[in-house]
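# Structural overview for review
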Amino acid sequence: MNLSRRSFLKLTGATAATAAVVGAGISKVAADYEPVRLNYAKEVPTVCTFCGVGCGIICHVQDGVIVSTEGDPASPLNEGTLCPKGVSSYNVSYVYDSQGRPQPNPRRLTKPLYRRPGASDWEEMEWDEILEKIAKRFKETRDDNFIEEENGVENVNRTDAIAWLGSAFCTNEENYLFKKIIRGTGIVNMDHCARL
Ligand code: SF4
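What you see is a predicted model, and the numbers here were worked out from it, not measured in a lab.

### Notes on helix α4 (residues 172–185)
- If you check α4, its first and last C-alpha atoms are 20 Å apart, about what 14 residues at 1.5 Å a residue would give, namely 20 Å.
- The first or second residue beyond α4 is Gly186, which carries a positive phi of 90°.

As structure tokens, this is what we get:
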């Protein structure tokens, strides 16, 4: 297509004007929508659970139910933006039915699962029960395998019998506390997807 200089300027001017009108329309929709959503929902800040970047997310909660999620503009890491995985974080709790309505995600775990030694199936447990079991086995394993002296070196104070894997499902502060526990109990085998 051949365009004269005058036609080109006319065309780009019309395109810019159209974009401005559409942009204004979008801004108006956003401006109309924002106060309504914030009026009925409580904002609960959290951290994206998918990777080690740790982007901030705001959950909009109504009557104890998350009704939407979005990037947290106050987070210095993502400044309100989210990658496609973070944008889909709403679907950790909800999936859409054939009518496009959100329904509780049936695959979401709400209780700890435990598989007994030799068993092939997992069983649900209460938090108090599983935490006590973990604490008891942790202490026993650590005490039974604690090395105080090795190859003539004193105060080695470590154990190789336990390994610890951190998680991006935890906040920076939680991972800091994990590290304190791990170091304090002599565990040297540790890792985390973000190397925290
Ligand atoms: S939004 Fe994306 S980049 Fe940010 S923490 Fe989640 S998965 Fe990682």
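Additional details are given in the paragraphs that follow.
### Focus: the environment of Leu77
- Structurally, Leu77 is set in the loop between β3 (65–71) and α2 (84–87).
- Look past the residues within four positions of Leu77 in its chain and what remains in contact with it is Val53, Gly54, Cys55 and Gly56.

### Re unusual backbone geometry
- Its identity is not glycine, yet Asp63 carries a phi of approximately 50°, on the positive side.
- Position of Asp63 among the secondary structure elements: in the loop between β2 (56–62) and β3.

### Looking at the nonpolar core
- Val47, Cys48, Cys55, Ile57, Cys59 and Leu82 form the largest nonpolar core, which has six residues in total.
- Among all residues touching Cys48, those that are not within four sequence positions of it are Gly54, Cys55, Ile57, Gly86 and Ser89.

### Observations regarding helix α3 (residues 127–144)
- For α3, which comprises 18 residues, the first-to-last C-alpha distance of 26 Å matches the rise-based estimate of 26 Å (1.5 Å per residue) to within 8%.
- Judged by how many residues are buried, α3 sits mostly at the surface: zero of 18 residues are covered.

### Side note on the environment of Ser167
- Summarising the element assignment, Ser167 is placed in the loop between β8 (159–165) and α4.
- The spacing of Ser167 and Asp191 is 24 residues in sequence and 9.0 Å in space, taken between C-alpha atoms.

### Comments concerning the site of the ligand
- Around the ligand sit Cys48, Phe50, Cys51, Val53, Gly54, Cys55, Asn78, Leu82, Cys83, Lys85 and Gly86, and those are all the residues in its vicinity.
- Class assignment for the residues of the shell around the ligand results in seven nonpolar, three polar and one charged.

### Concerning the pairing of strand β9 (residues 187–191)
- Alignment of β8 against β9, held across four bridges, turns out to be parallel. Counterpart to Leu165 in the pairing with β9 is Asp191.
- On the question of chirality, the crossover connecting β8 to the parallel β9 by way of α4 is right-handed.

### Let's talk about the sheet that holds β2
- An order of β1-β2-β3 is seen for the three strands of this open sheet, with the pairing classed as antiparallel. Only two strands of the sheet have a single partner each, and these edge strands are β1 (42–47) and β3. Neighbour-to-neighbour, the strand axes of this sheet turn through a mean angle of 30°, independent of strand direction.

### Regarding the confidence of the model for the protein chain
- Summarising the model, the protein chain shows a mean pLDDT of 83, and 79% of its residues fall at 70 or more.
- Scored below 50 in pLDDT, residues 25–30 shows zero contacts in the model against residues more than four places distant or in partner chains.

What counts, and at which threshold
Residues numbered from 1 in each chain as written. Predicted model: local features only at pLDDT ≥ 70, side-chain atom pairs only at ≥ 80, totals over all residues. Helix = DSSP H or I, 4+ residues; strand = E, 2+ residues; numbered from the N terminus. Expected span 1.5 Å × (residues − 1). Contact = placed C-beta atoms within 7 Å. Core = buried A, V, L, I, M, F, W, Y, C linked by C-beta atoms within 7 Å. Buried ≥ 20, exposed ≤ 12 C-beta atoms within 10 Å, placed from the backbone. Near = placed C-beta within 6 Å. Nonpolar A, V, L, I, M, F, W, Y, C, P; charged D, E, K, R; others polar. Pairing = 2+ DSSP bridges. Right-handed = clockwise from strand over helix to strand, strands pointing away. Axes fitted to C-alpha atoms, helices over the stretch in contact; angles between N-to-C directions. pLDDT = per-residue confidence, 0-100.

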